[in-house]
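Per-entry structural report
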Amino acid sequence: MIRTRERVVAVTFNAAWNDAGLERVLGELARRRTPGAFFLTGDFADRYPKAVKRLAAAGHGLGNHSYSHPYFNDLTAAGRSREVRAADRALRAAGAGAALTPFFRFPYSETSAAQIKEVNGLGFADIEFTTDTNGWKGTEGGMTVGRAVRRALDALRPGMILQMHVGTTEGQTDVIDARALPRILDAITARGYRVIDLRLLLTPPASLGTERDNH
């Protein structure tokens, strides 16, 4: 959450599998002049460097989501450090440039105080989320566009950080989050909220009175 009394929210996307829904997501954000934040794995950056450059050129913030999206609890401290550093190198090599932020999001939301401290020591702030639409589960996982929209709106409150995904898991073809995004953004606006750039967490305006929170 972004701790604030203002009716503002941040919309974020993870990218680890593929870029199947990216075109549609970028189009919706551009049409509405809405900022997004994208947490990319290093592996994604290696496979889709053009996508990284497009995101950066569009003005969206890019965050680190590890290199290979492993379960961090299964790794040693050295292994976790390698994952974070390798992802950072891959994002830079792919052309993230000035769009790269010092934000990190743990794979599978698998966080602990000790691991957050490790990430902080590498120069990154842990940014998690208020709710996930669960669109990544796809129709095969029982999700629909309507359910994804409802999950987003049920969690709507000042400072919400929404998590979505731009791709699909293996064997799926329908990027529910990409289809749900227009309805979610319309409803956010209709309810008197506005989407802010997650990077405002770094230097928040005094009017927002924001404080960083890990969840």
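Up top is the structure.
Residues numbered from 1 in each chain as written. Predicted model: local features only at pLDDT ≥ 70, side-chain atom pairs only at ≥ 80, totals over all residues. Heavy atoms only, no water.

1. A few points about the overall build of the protein chain
Quick reminder of the rule: Starting at the N terminus, helices and strands are each numbered in turn, a helix being any DSSP run of H or I of at least four residues and a strand any DSSP run of E of at least two. Here the radius of gyration uses the C-alpha set of atoms, whereas the globule reference equals 2.2 Å times the residue count to the power 0.38. Each residue's exposure class comes from its accessible area (1.4 Å probe, protein chains only) as a fraction of the maximum for that residue type: buried when under 20%, exposed when over 50%, partly exposed otherwise. The contact criterion used is simple: two residues touch if any of their non-hydrogen atoms lie within 4.5 Å. Exposure was quantified through the Shrake-Rupley algorithm and a 1.4 Å probe, taking into account, for residues, occlusion by the shown protein chains and nothing else. Charge assignment in this entry is limited to Lys and Arg as positive and Asp and Glu as negative, and neither His nor the chain termini are counted. Just so you know, the charge point we use is NZ for Lys, CZ for Arg, CG for Asp and CD for Glu.
The helix and strand inventory of the protein chain stands at 7 helices and 8 strands. Its C-alpha radius of gyration of 16 Å places the protein chain within 12% of the 17 Å reference for a compact globule of 215 residues. Seen through its principal axes, the protein chain has C-alpha atoms that stretch 45 × 45 × 30 Å. When the 215 residues of the protein chain are sorted by exposure, 55% land in the buried category. Taking the intrachain contacts of the protein chain between residues at least 6 apart in sequence as the baseline, contacts between residues at least 24 apart amount to 77%. Summed over all atoms, the accessible surface of the protein chain reaches about 9,700 Å², with 48% contributed by carbon and sulfur. Side-chain charges in the protein chain split into 29 positive and 23 negative, and the spacing between the mean points of these groups amounts to 5 Å.

2. Structural notes on helix α3 (residues 49–57)
Stated formally: Here, the arc refers to the directions that run from the helix axis to the C-beta atoms.
Along α3, the residues that are buried comprise Ala51, Val52 and Leu55. For α3, the arc enclosing every buried residue in end-on projection is 100 degrees, short of the 170-degree limit, so these residues lie on one face. Exposed and oriented more than 90 degrees from the buried face of α3 are Lys50 and Ala57. On its buried face, α3 is in contact with α1 (22–32), β2 (37–40), α2 (42–47), β3 (61–64) and α4 (77–94). Backbone geometry just after α3 places Gly59 at a positive phi near 90 degrees.

3. A word on the environment of Trp17
Within the fold, Trp17 resides in the loop between β1 (8–15) and α1. Between the C-alpha atom of Trp17 and that of Arg183, which follows or precedes it by 166 residues, the distance is 24 Å. Once residues lying within four places of it in the same chain are set aside, the contact partners of Trp17 are Arg47, Tyr48, Trp136, His165, Gly167, Thr168 and Thr169.

4. Quick notes on helix α5 (residues 113–121)
Within the sequence span of α5, burial applies to Gln115, Ile116 and Val119. The buried residues of α5 all sit within an arc of 105 degrees when viewed along its axis, so they share a single face. Every exposed residue of α5 that faces more than 90 degrees away from the buried side is listed here: Ala113, Ala114, Lys117 and Gly121. Contact partners of the buried residues in α5: α4, β4 (100–104) and β5 (125–126). Immediately downstream of α5, the backbone of Gly123 shows phi near 95 degrees, a positive value.

5. Notes on the packing of aromatic side chains
Defined as follows: Note on aromatic contacts: the rings of Phe and Tyr and the six-membered ring of Trp form a pair at centre separations within 6.5 Å, being stacked when their planes are under 30 degrees apart, edge-to-face when over 60 apart, and tilted otherwise.
Applying the stated criterion across every chain yields a total of 7 aromatic pairs. Ring geometry for Tyr71 versus Tyr108: centroids 3.9 Å apart, planes at 5 degrees, classification stacked. Placement of Tyr71 in the loop between β3 and α4 and of Tyr108 in the loop between β4 and α5 is noted, with a sequence separation of 37 residues between them. With a relative accessible area of 41%, Tyr71 lands in the partly exposed category. In this structure Tyr108 comes out as partly exposed when scored by relative accessible area, which is 43%. When the ring of Phe72 is compared with that of Phe104, the centres are 5.8 Å apart and the planes differ by 40 degrees; the resulting orientation is tilted. You can see Phe72 sitting in the loop between β3 and α4 and its partner Phe104 sitting in strand β4, a full 32 residues away along the chain. Phe104 sits in the buried class, given a relative accessible area of 0%. Counting every residue linked through ring pairs, the aromatic cluster contains Phe72, Phe104 and Phe106.

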